[in-house]
Structures are given as structure tokens and as C-alpha cells.
Number of protein chains: 2
Amino acid sequence: MGDRGVRFESIGHVEGAFGDHAVPEEIAATESRIVLAPHLAEGLTGIAAGQRVMVIFYFDRVEGYELLQHPRGDASRPKTGVFAIHTPFRPNPIGVTVVDVLAIEENVLRVRGLDALDGTPVLDLKRV
Amino acid sequence: MGDRGVRFESIGHVEGAFGDHAVPEEIAATESRIVLAPHLAEGLTGIAAGQRVMVIFYFDRVEGYELLQHPRGDASRPKTGVFAIHTPFRPNPIGVTVVDVLAIEENVLRVRGLDALDGTPVLDLKRV
């Protein structure tokens, strides 16, 4: 491979009640919003409340990673490979979560189950 | 949002028998290999044959998209939003597929079910 760089532009961002130190389970039980760039709103055509959508996002507040990590940072659990766990501290800090769609209003999706912090850049959505 | 750009480096690439014009179902039934950069091999620790892994990859041969598209390019089906379908022609051409792990040999995973062309850059792996 020559140039291994890949560049994306976020399609929108997460708006939620949580800041930097929330527990993922707490975030996931709560409603949040995915605010798309307005010019992309038409791309939501066909998605409706009650459906599920895969959200691909960028862990923008993460720096660095180790190839072997304790799952969930729990030192009582043996270290395992970064690709075997879902830690945000990974070579490319990409998160993937399937959420429940509660409502769609133009370029805004209200969802439940999104374990991403307020302001997180969103890279893609795919109905599942 | 200010700068919406996000940059990644591929962690490896797909090696398979298929070129540019294969049918996804045909690719998916076939074995292929994910060749990681050798320095990342330790990140596979804990992943074993028989498990499933989510592969996040970059559709590097895709250019352009429309917000409304016929599913699978089938003009007999009504156009729907790009985020409601899995077309590679999307604002950020990111693919996500769950594959079966057949074997791991150092930095190479042999897998089945990967609908990605030979040479496709891989961005992340997550055991599911």
C-alpha cells in the first residue's frame, strides 16, 4: 500500500446531556439527538421512528492506544487485543453503535442507545 | 462545528480473489484475507477461529453519491435515502460487515463473508 491515509468529513454530530465522564451504560439508556448537516437531510428518506440505525462515529476526545488493554479498563481482567474489545483507545478511534430511532424531524434524529458524548462527530448512518 | 475533517490511516487491507466487478453475494460466500500492518498483529490477541468480527473498511474505488438512490441500483424499486440503504455511494464511503473468522496467522485473518474488493483498505476490526 502506498498512502494509507483516508479523510472523511463528519456528516453531523451528537447532541446529548452528557459530558466527558459519563458511564456508557448511562448514556445508552438516555435519549440523544443526531444533528445532520442540513444539506444531507434528504438522505434520511425512508427511515422512520421504531426502526434501528447503525451510527458510525469518531471518538474525537481520545488520544493514543495500546495493542493490549484490560477490557473496560478493569485491571482484574486479563489484557486482550484492542481488536477483540470495544475500547475507544484504538488505532482508528471509530465507534459503531446501533440505536433505536424515536423520531425524525428534518435533519435531526432523536435516538435512544447512543453511547457517544455530546459533540461527537458522526461519520455515517446505515439502517439495519 | 469548525473543521469537520477526520483523518485515519488504514490498519491493513483485504486480499481476495475478486476485482472490480464482482457481485457482493459472490464475494461474501468466499474466503478472503485481512492483512494487518505487522506492527498491529498483537491487537488480534484473544480473537480465535469460529468467532465473528466486525470489519470497518473504506470503499476506496467509489466516487460521488446521491442522497436518494434506488436500492441496489434497481430502477424498479423506489428511490430511498442514502442512510436507509447500504450502497457504497454515500457521503463517507465506509463499509461495515460482520465476518466469520476461519483462522488467524500472525497479522493475517482468514475470513468468510467479507463483501469487499481485493485491495480495500481496512480501518478497524471489532470482535462482536
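Here, residues in each chain are numbered from 1, in the same order as that chain's written sequence. Labels are handed out in written order, letters beginning with A for the chains and numbers beginning with 1 for the ligands. Totals for whole chains, interfaces and linings use all residues, but because this is a predicted model, local features are given only for residues with pLDDT of at least 70 and pairs of side-chain atoms are given and counted only at 80 or more. The side-chain quantities take in all heavy atoms of the structure and omit both hydrogens and water.

(A) Structural view of the interface of chain B and chain A. Any pair of residues with heavy atoms lying within 4.5 Å of one another is described as a contacting pair. Facing 47 residues of chain B, the contacting portion of chain A comprises 46 residues. By buried area we mean the combined loss of accessible area, with a 1.4 Å probe, across both parts when two parts are placed together. When chain B packs against chain A, the two sides together hide about 4,400 Å² of surface, and 59% of this comes from carbon and sulfur. Its largest share of buried area at the contact with chain A, chain B owes to R4, F8 and F83 of chain B, together 19% of the area lost on that side. Should a side-chain nitrogen of Lys or Arg be within 4 Å of a carboxyl oxygen of Asp or Glu, the pair is scored as a salt bridge. The partner of R90 of chain A in a salt bridge is D124 of chain B, and the shortest N-O contact between them spans 2.8 Å. Under this definition, polar contacts are N or O atom pairs within 3.5 Å; protein pairs additionally need one hydrogen-donor-capable and one acceptor-capable atom, and for neighbouring residues in sequence, both atoms have to be side-chain atoms. Our enumeration of links across chain B and chain A arrives at 29 residue pairs in polar contact (both at pLDDT 80 or more). Going along the chain from the N terminus, every DSSP run of H or I of four or more residues is numbered as a helix, and every run of E of two or more is numbered as a strand. Elements with a minimum of two residues in the side of chain B that touches chain A: β1 (5-9), β2 (12-15), β4 (52-58), β6 (80-81), β7 (94-105) and β9 (121-127) of chain B. Per-element accounting of the side of chain B that touches chain A gives the leading share, 6 residues, to β9 of chain B. Any two strands are treated as partners once DSSP identifies two or more bridges connecting them. Pairing of strand β1 (residues 5-9) of chain A with β1 of chain B, which is carried by 5 bridges, proceeds in the antiparallel orientation. Residue pairing in the sheet places V6 of chain A in a bridge with F8 of chain B of β1 of chain B.

(B) Main features of the relation of the copies chain B and chain A. When the copies are overlaid, the least-squares fit takes in C-alpha atoms only where the residue has pLDDT of at least 70 in both copies. When chain B is fitted to chain A, the residual RMSD is 0.0 Å, and the transformation amounts to a turn of 180 degrees plus an axial shift of 0.0 Å. Here the transformation between the copies is reduced to the relation of a two-fold axis. Considering only C-alpha atoms, the residue of chain B closest to the rotation axis is R7 of chain B, which sits at 2.2 Å. When the interface residues of chain B are mapped onto chain A, 98% of them again lie at the interface, so the same face is used by both copies.

(C) Representation of the pattern of salt bridges in the model. According to the stated counting rule, one finds 17 salt bridges over all chains in the structure shown. In this structure, the salt-bridge partner of D60 of chain A is R61 of chain A, at a minimum N-O distance of 3.2 Å. Categorising residues by exposure relies on relative accessible area from a 1.4 Å probe, with only protein chains included: less than 20% of the type maximum marks a residue as buried, more than 50% marks it as exposed, and the intermediate range marks it as partly exposed. D60 of chain A gets classed as partly exposed once you look at its relative accessible area, which sits at 33%. Note on R61 of chain A: relative accessible area 40%, which makes it partly exposed. One salt bridge connects K126 of chain B with D124 of chain B, and the closest N-O pair in it is separated by 3.1 Å. Within this structure, E31, E105 and R110 of chain A form a network of salt bridges that share partners.

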